[in-house]
Amino acid sequence: MEHIRLPKVENVRLLDRVSPRRSRVGTLYLTATHTIFVENKTGVRNETWVLHSLVCSVEKQAAAASGCSLLIHCKNFQVLHFVVPREQECHDVHLSLQRLSQPVLCLAERHTELYCFSYKPNVDEKERCQEWDFLDLKADYSRMGLPNSLWKLSPVNQHYKVSDSYPADLFVPASATPPVIVGSSKFRSRGRFPTLSYYSKENHAAICRSSQPLSGFSARCLEDEQMLEAILRSNPCSDFMYVVDTRPKLNAIANRAAGKGYENEDNYSNIKFQFIGIENIHVMRNSQQKMLGACELRSPSMSDFLEGLESSGWLKHIKAVLDAGIFIAKAVAEEGVSVLVHCSDGWDRTAQVCSVACVLLDPYYRTLRGLMVLIEKDWVSFGHKFSHRCNHLVGDPKEVSPIIDQFLECVWQLMEQFPCAFEFNARFLITIHSHIYSCQYGNFIDLKLLRERTHSLWSYLWKNQADYINPLYRPDHSQTQGLLRPSTAPYCFKFWRGLYNRFDQGMHPRQSVEDYLRAIREETQQLEEQLKIAHLEQEQEWSVTQKAVTFDKSPTAWALGNDLGLANTPQDYTGGFITSSPCQPKAPDGRRILLTQDSNQTSESNLSSGSDQESGIADVSCRSPLSTDSTRDPDSDEAAYSAA
Amino acid sequence: MEFAELIKTPRVDGVALHRPFMPTVEGTLCLTGHHLILSSRQDNTEELWLLHSNIDSIEKRFVGSLGSIIVKCKDLRMIQLDIPGMEECLNIASSIEALSTLDLLSLMYPFFYRPMFEVIEDGWNSFLPEDAFKDLESMTDEWRLSEVNKDFSVCPSYPPLVAVPKYVDDDTLKKAATFRHGGRFPVLSYYHKKNGMVMMRAGQPLTGTNGRRCKEDEKLINATLRPGKRGYIIDTRTINVAQQAKARGGGFESEANYPQWRRIHKAIERSNILQESLIKLVEACNDQSHSMDRWLSKLEASNWQTHVKEILTTACLAAQCIDREGASVLVHGTEGTDSTLQVTSLAQIILDPACRTIRGFQGLVEREWLQAGHPFQQRCAQSAYSNSKPRQEAPSFLLFLDCVWQILRQFPCSFEFSEGFLVLVFEHAYASQFGTFLGNSTAERAKLSLPEKTVSLWSWVNRPQELERLTNPLYEANSLVIWPSVAPQSLLLWEGVFLRWNRSSKCLDEAYEEMGHIIAYNKELQNKVNSLRRQLAQLETEDPLLQSP
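Residues numbered from 1 in each chain as written. Chains lettered and ligands numbered in written order. Predicted model: local features only at pLDDT ≥ 70, side-chain atom pairs only at ≥ 80, totals over all residues. Heavy atoms only, no water.

Per an unreviewed UniProt entry, chain B carries the name Myotubularin-related protein 9 and comes from Sander lucioperca. Recorded in UniProt for chain B, the comment headed Sequence similarities (unreviewed entry) runs: "Belongs to the protein-tyrosine phosphatase family. Non-receptor class myotubularin subfamily." (UniProt positions renumbered as here; feature names shortened; annotations may be inferred.)

In the nomenclature of an unreviewed UniProt entry, chain A is known as Myotubularin related protein 7a of Sander lucioperca. Recorded in UniProt under Sequence similarities (unreviewed entry), the annotation for chain A is "Belongs to the protein-tyrosine phosphatase family. Non-receptor class myotubularin subfamily."

Set out below in structure tokens:
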């Protein structure tokens, strides 16, 4: 690769962010797709892999006696601090990484440097094509009961002529004629006319979405008024509908000067208009930057952190998005009233609010497949500008904004309040987040030929669903049913350490209840099978010999240790005067997610990072499934431990 | 004094009771000597029995002739009673005020309470110092149990029996006691079996401004060091606070007189500041404004989480010195009855797996808090809603429980008890039918004959049905040291106490139940498989064919 000025640097130090005195020495490699740090330590193969497309900034600091610092910030919130011995080397690595982390699009050659085009897992072409058929949005609409007598599939946008950022297949009110639709689209920013996002077949109430009307100070559009009327008519049980503008009122008024704006209640019959006040992408971007600043403070006091969190306003914005979602969900489920949601262009705040409302309303969207469908529907198909917002390609930094992060966080906040209501776990959300930014899959990239040449994240997630299942979820649990009614008191919102401090291993609980329960459930399944076989044998009166054979198979040993075996050593409790504490720094486990199929070494190195006996974690995770009278493998961890 | 004198109106009909997350109950309000009772007099609805001693303060409101009393409890709950009739309302209010502020210990409910359950094991005898010493003897012979304080004359806040280095005689102890605040000479708090290092605790040394020294004190603590080894003194106060203490006769161990010890100062705040912090935190949690900025800024301003972090960090440091540095540690603050105990008890939670069991934790509370002379009566006299000027109230013990909860959250499978147990201990420390937390010291408890006249909380807890309820289903014994994270991101607000009455915990409770089901079902299947296995083994022995393969 021509962009790599220096493929390998030796004697590089990787500093621990929480306690900078801890560091690892190793070799830094630059490849076409990854930066790889391999620790020099005999016996342990400890590697840190960072995908170039996840790098959001590379910062070279002034050279010091110890070397030259290189600070890499990633879009998945990993921060790496390398110290390179010689300044020239640091300079070369810096320039190489800057270039490698900013892929360029060359349309002429039908070629891009995006990672999804070079990512080639071991999957044959037929299977790769099938990946893209895994999700079917039409199936989701028919799950909602559509089309029916109230809502019909409209061909109006078949060739993306009415709105190029809308999907081809759209549901519109049965009474809306093509001229009305087209007329309405001309009165809306970027032609994004009111169309269906979610339909509740229980009470016919619907969530519709659009962009802002081009109302200026006094403009009207008959077709747009008819369009809203048609939406209202498609809900026979209700005599009015809500129009929710998710922007702060001031922003909406300011838009009027530019010939845009919001609906005048006098011009539309039977609407109730409502501002919700979610801030724009620029406010959100700055807020997240500030919040990350608080996360990255070195040994902060409690006040430093809480003040940073407060002044970032991040949780306030999360609350605003959730509050808006709740308003809509309640209107639909409790009042049976349809809602039209828009912001300016209708692809940021509108996407957030509609999808949050869907999660609250419909248990389906709280399942593994359902959340994927929801992101595909409300975000991908309705034209959320992932490439701009996530900075997939070199672009305008002012277009970058963590809009999808906020949606995922809203779901996480709900999971914290309703631990049994979601089929998936937080790891699922974090993995989705990571891949929205990684460009490893073609799903979030708005380019032609994606389906022909790239892989789909959804089928990857589905294949690995065992990793993402919430062990507390039961389809028949009361929490799983119907509308979720979360509390939005400020103290119900938590800081999402699992995402924003994901790579600071020392900060996370040292034992995971979820992993423990997952192991128990797997064991339970095996026991169930054993018992089933035993019962069959008893019924069939098989020979005793065969019984003996069956029972000699003991359930597999529980090897969760690798997952749970986080380093558990004392933190820096002293403020620096005790120096002799032994510590075992560990590589961030992000590798697992970053390059799952990329490297076989990864899984090996995961296995080799044995658990720290100090913490006792290894013992906790190694449960012997059978009690005293079972035969024990003398080599198992548990045996070793009980002897110790 | 008769309780009847204080009860102006013993009974009012038509009272409405409003409680968080419960339907309003209408019924008859009765006041007895120790309880406020509201009964709907219907068969199936529940009654409210509230101990007067659980009432922190009350507030009266009138709308026309309907009076309301808002009862604010020490467990942070708030309930509202709507009482028809101005006079009745005023009478009830003043009676509650009088009954909830009785100072005389012998009038407290535990002296009147008769257990309705069978006492299997008398909790008063479950955690005696002599029994704890037997455990120590099985590990080391370097310590002895001294009776120097048998009549509480050397140190009024110590128990009659304390563990001290074997070769230090009682006269030395007596002299050392004169050099330590409150006579609290250094005694053994914890022996680390793994490497034989110890943790001691004491009151501050009384060096004063002219640098007084006490050879006996030096001898006493040096006796705990191995030859050629150095130890750490953890002073829970900042160096400035410790310096200022000299002017009032206190101070700290100087390098010159204690050359074998290295002193570390930490910054755990004193009682009044902690009490203020609790009041602010609870006020923040009850704020109804729904503004995120306001909540976060009030949470930060309360400093509660800062105190949690500081205490936990200091305890980790003590544990680190012992386990990782292989050094013995002496912990003290000023009196040695608050921050000192927070540190020594938390360090044991970290180091000693036994303290993470239900029984072990009871033993820890007995040893490091009750017998160690934490003045529960003074500290827990009032809680977060008190209107009166704070005297010696402080949430030292609640902060300790909060820190334990933080560690429990980080090591959810390493504790035998659940969060519910910690909440239970918190409630009973502030108001209880049991005598365990009455009094300020062993001496006071003996004088009141508490073991004879009251029931111990542990007698109630240590019964199968209660133990089952308080057991953590995820528990798997973990015999190793557990090092918690003290990063601000890792420390959470203890919702189970501070938001308990502000938000419904239904969904979280259901999740906890679900966990229980998953684990119980697994155990059930294991038992089935095992019993089949046994049947098979029997068949094998009965069937000679199977003997030869």
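Enquirer: Any chance you could explain the overall build of chain A here in plain terms?
Expert: Tallying secondary structure elements over chain A gives 25 helices and 16 strands in all. Per-residue burial over chain A gives 59% buried out of 644 residues. Long-range pairs, those at least 24 residues apart, make up 71% of the contacts in chain A with a sequence separation of at least 6. Counting every atom, chain A has about 25,800 Å² of accessible surface; 51% of that belongs to carbon and sulfur. (Helix = DSSP H or I, 4+ residues; strand = E, 2+ residues; numbered from the N terminus. Buried < 20%, exposed > 50% of the residue type's maximum accessible area, 1.4 Å probe, protein only. Contact = heavy atoms within 4.5 Å. Areas by Shrake-Rupley, 256 points an atom, 1.4 Å probe, with all protein chains shown as cover.)

Enquirer: Help me understand helix α8 (residues 292–302) of chain B, please; the structure alone is not making it clear to me.
Expert: Since the α-helix packs 3.6 residues into each turn, any two residues three or four apart lie on the same face. Residues and elements named next belong to chain B. Those residues of α8 that fall on the buried side of the exposure criterion are Met292, Trp295, Leu296, Lys298, Leu299, Glu300 and Ser302. Capping the start of α8, serine 291 holds a side-chain oxygen 3.5 Å from the backbone nitrogen of aspartate 293, two or three residues further along. Just downstream of α8, asparagine 303 is the residue with a positive phi angle, here 65°. (Polar contact = N/O pair within 3.5 Å; in protein donor to acceptor, adjacent residues only side chain to side chain.)

Enquirer: Is there a simple way to think about the state of the cysteines in this case?
Expert: Each disulfide consists of one covalent bond between the sulfur atoms belonging to two cysteines. What the rule picks out here adds up to zero disulfides over all chains. With no disulfide of its own, A:Cys116 lies closest to A:Cys439 among cysteine sulfurs, the gap being 6.2 Å. (Disulfide = S-S within 2.5 Å.)

Enquirer: Sorry, what's going on with the interface of chain B and chain A here?
Expert: Interface size, as often reported, equals the accessible area lost upon joining of the parts. On the side of chain A, 83 residues touch chain B, which itself brings 77 residues to the contact. Taking both sides of the interface into account, the surface hidden between chain B and chain A amounts to around 7,200 Å²; carbon and sulfur atoms contribute 62%. In this structure, the connection of chain B to chain A is made through three salt bridges. In this structure, A:Lys316 and B:Asp293 form a salt bridge, with 3.3 Å as the shortest nitrogen-oxygen distance. (Buried area = accessible area lost by both parts, 1.4 Å probe. Salt bridge = Lys/Arg side-chain N within 4 Å of Asp/Glu carboxyl O.)

Enquirer: Is there a simple way to think about the packing of helix α11 (residues 358–370) of chain B against helix α13 (residues 396–410) of chain B in this case?
Expert: When two helices pack together, their arrangement is given by the angle between the helix axes and the distance between those axes. Residues and elements named next belong to chain B. For the pair α11 and α13, interaxial distance at closest approach is 13 Å and the crossing angle is 145°. Crossing of α11 over α13 shows right-handed handedness. Residues Phe361, Leu364, Val365 and Trp369 of α11 form the contact with α13, whose own contacting residues are Ser396, Phe397, Phe400, Leu401 and Val404. Residues that form the contact of α11 with α13 fall into these classes: eight nonpolar, one polar and no charged. (Axes fitted to C-alpha atoms, helices over the stretch in contact; angles between N-to-C directions. Left-handed = near helix turned anticlockwise from the far one by under 90°. Nonpolar A, V, L, I, M, F, W, Y, C, P; charged D, E, K, R; others polar.)

Enquirer: How should the side chain of B:Thr224 be read in this particular structure?
Expert: Residues and elements named next belong to chain B. Mapped onto the secondary structure, threonine 224 falls in the loop between α5 (215–222) and β12 (231–235). A relative accessible area of 11% places threonine 224 in the buried class. Of the polar contacts made by the side chain of threonine 224, one reaches the backbone oxygen of isoleucine 221; its length is 2.6 Å. Those residues within four positions of threonine 224 in sequence are excluded, and the remaining contacts are Trp143, Pro165, Val198, Met200, Trp261 and Ser328.

Enquirer: Explanation requested: a nonpolar patch on the surface in the structure shown.
Expert: On the surface, a nonpolar cluster with roughly 240 Å² of combined accessible area is contributed by B:Phe62, B:Met86 and B:Leu90. For B:Phe62, the location among the structural elements is in strand β5 (residues 55–63). (Patch = residues over 30% accessible without salt bridge, like charges linked within 9 Å, V, L, I, M, F, W, Y side chains within 5 Å.)

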